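# Topology and contacts: notes
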Amino acid sequence: MFSNLDLAVAFIYVCLGLIGFGVLILLTMKARSIMLERKRSALLEKHQPYFVYLQRHIVDPDPFQPPKGPLSPLETRVIQDKLMEWIEKFRGAQRQKLTALCEDMDLVQLDRKQLSSMFYAKQMKAAYRLGGMRSAQAVEPLIELMKQEKDGPLLHVLARSVAKCAEHLDQLYVMLQQLTRHRKGNYLNAAEVLEETSLDVTPLLLQCMEDRDHNLVKTALLALRGQTGVTLTPALLRLADSDDKEIRSLAVKMLVRAGNILPEETICSWLTDPEGEIRAAVAESLGQFGYEGSIPALKQALTDSDWWVRYHSAKSLAMMGDAGFRTLCEAALERDDPFKSDMAKDRIHEELLREHFFANRRKQISGAHTKQSLYEQYFGQASSVPNIRGIGGDYSA
């Protein structure tokens, strides 16, 4: 009994010792962090005249002069951090001038050596700093490390740094290949990484749209989402027939977004696509462009087996003025498909509530029918907003 008690007491002492040791480590790390921050603040103050010199001559055509005298490793990093901060703020000749200063101070060469370090953390920091300095000298070693690296945080940091430093589209193409070769989902990150470059990537994206690698095609489509030029239409129409569901979905969404380029019949035909995601995207976009000629197709889509297709079809009909709202009322009264009727009733209810809420905030055009008056034509007089949801609802998602 006493031996067990002694063992328990000893265990408690060991635990207390370990806790105390852990607290001591935390306090030591905190003290070291505070001391390092104070040193950095002191060095920033020490080199303030040099930073003032940089600010005053930022628009001069002559290159910057490096700091005079030897610098400690910490001083070098403090100045480098300040230069990287300014490089992100400036554009054009001013940014190039700051990058050239980083090269003249051998900061780029210092971090290029760190890329070959045995320590993962040092490689990560070096890759980040090389991207922050935006030096073309860093592109090749960054790409070489990408070729050796497996999928992980370092690969994404390397890709972002290559995008910042690249001077040619070929370098970005190799970066995209290396970034997307490991995992299918990396094309999402690849499209975001391309936003970091200062190059016009449109020619590269058009090239990627013709690539056999589906990940590169998806990257290009995601990166081009904000563009709807006529020049993209032929390639997008070809991709709209792709066997890959995601490629077809992205291409159709872009085409529908630029719907003024395509015949309305072509857009409505995609409401019969085998993929529900595509049908839903088309139904949503038709309402945004207000194609009243698509009202019959949207009414038919209210009977779709996919809940999101029915939802966006009803929402688009409500956005098409009196004609669309009349169609919703007619669909709500039809008994051939309960899903269609319930979804129409839900949308009518929401539209009436919205109109009732904003009634005092907007001025109605003289002679125009409100949704409330249209509702009364089909369902009779109502003293207040009717609770149509009580009749039923489409909850089949």
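It should be emphasised that the depicted structure is a prediction, and the values quoted were computed from it without experimental measurement.

This part is about the packing of aromatic side chains. In this description, a pair of aromatic rings is defined by centroid distance and the angle of the planes. Per the stated rule, a full pass over the model turns up seven aromatic pairs. Ring centres of Y50 and Y53 lie 5.6 Å apart, and the angle between their planes is 35°; on these two criteria the pair is classed as tilted. Here the residue Y50 and the residue Y53 both occupy positions in helix α2 (residues 48-56), the gap between them amounting to three residues, near one helical turn. Accessibility expressed as a relative area gives 22% for Y53, which makes it partly exposed. Taking 4.9 Å as the distance between ring centres and 85° as the angle between the ring planes, the aromatic pair formed by W307 and W308 counts as edge-to-face. K82 extends its terminal NZ or CZ atom over the ring of F51, reaching a point 5.9 Å from the ring centre.

Okay, the pattern of salt bridges next. Side-chain pairs of opposite charge can arise where the charged atoms are in close proximity. By the definition in use, this model includes 21 salt bridges. Between D111 and R77 there is a salt bridge whose closest N-O contact spans 3.3 Å. With a gap of 34 residues between them, D111 in helix α5 (residues 107-114) and R77 in helix α3 (residues 73-89) connect regions that are remote in the sequence. Among the residues examined, D111 registers a relative accessible area of 0% and is labelled buried. E210 is the partner of R238 in a salt bridge, and the nearest nitrogen-oxygen pair spans 3.2 Å. Of this pair, R238 sits in helix α13 (residues 233-239) while E210 sits in the loop between α11 (202-209) and α12 (214-223), placing them 28 residues apart in sequence. A relative accessible area of 41% places R238 in the partly exposed class. Ionic contacts of the salt-bridge type, sharing partners, join the residues K299, E330, E334 and K340 into one network.

Right, let's get into a positive patch on the surface. Among the surface-exposed residues, R32, K39, K122 and K125 lie close enough to one another that they form a single positively charged patch. Contributing elements (two or more residues each) for the positive patch: α1 (2-46) and α6 (120-133). In this fold, K125 is placed in helix α6.

Those residues of helix α21 (residues 371-379) that fall on the buried side of the exposure criterion are K371, Q372, L374 and Y375. One side of α21 carries all its buried residues, which in axial view fall inside an arc of 160°.

Across the interface, helix α9 (residues 169-180) lies against α11 with an axial gap of 10 Å and an inter-helix angle of 45°. Compared by their axis directions, α9 and α11 come out oblique. α9 and α11 meet at a crossing whose hand is right-handed. Side by side, α9 and α11 meet where L169, L172, Y173 and L176 of the first sit next to P203, L204, Q207 and C208 of the second.

Our focus in this paragraph is the UniProt feature "transmembrane region" (unreviewed entry) in the protein. Sites flagged by UniProt as "transmembrane region" (unreviewed entry) map to residues 6-29. Secondary structure content for residues 6-29 is 100% helix and 0% strand, and the end C-alpha separation is 35 Å.

The subject of this paragraph is the environment of T303. Within the secondary structure, T303 sits in the loop between α17 (295-301) and α18 (307-318). Considering only alpha carbons, one finds T303 and S313, ten residues apart in sequence, at a separation of 9.7 Å. Reaching out from T303, the side chain makes a polar contact with the backbone oxygen of Q300 at a distance of 2.6 Å.

Let us now look at a nonpolar patch on the surface. A cluster of nonpolar side chains, namely L5, V9, F11, I12, Y13, L16, I19, V23 and L27, defines an oily patch on the protein surface of about 940 Å² accessible area. Its place among the elements puts F11 in helix α1. According to the relative accessible area criterion, F11 is exposed, its value standing at 57%.

Conventions and cut-offs
Residues numbered from 1 in each chain as written. Predicted model: local features only at pLDDT ≥ 70, side-chain atom pairs only at ≥ 80, totals over all residues. Heavy atoms only, no water. Phe/Tyr/Trp six-rings, centres within 6.5 Å; stacked < 30°, edge-to-face > 60°. Helix = DSSP H or I, 4+ residues; strand = E, 2+ residues; numbered from the N terminus. Buried < 20%, exposed > 50% of the residue type's maximum accessible area, 1.4 Å probe, protein only. Lys NZ or Arg CZ within 6 Å of the ring centre and 35° of its normal. Salt bridge = Lys/Arg side-chain N within 4 Å of Asp/Glu carboxyl O. Patch = residues over 30% accessible without salt bridge, like charges linked within 9 Å, V, L, I, M, F, W, Y side chains within 5 Å. Areas by Shrake-Rupley, 256 points an atom, 1.4 Å probe, with all protein chains shown as cover. Lys, Arg positive; Asp, Glu negative; His and termini not counted. Charge placed at Lys NZ, Arg CZ, Asp CG, Glu CD. Arc of directions from axis to C-beta. Axes fitted to C-alpha atoms, helices over the stretch in contact; angles between N-to-C directions. Parallel < 35°, antiparallel > 145°, perpendicular 65-115°, else oblique. Left-handed = near helix turned anticlockwise from the far one by under 90°. Contact = heavy atoms within 4.5 Å. UniProt positions renumbered as here; feature names shortened; annotations may be inferred. Polar contact = N/O pair within 3.5 Å; in protein donor to acceptor, adjacent residues only side chain to side chain.

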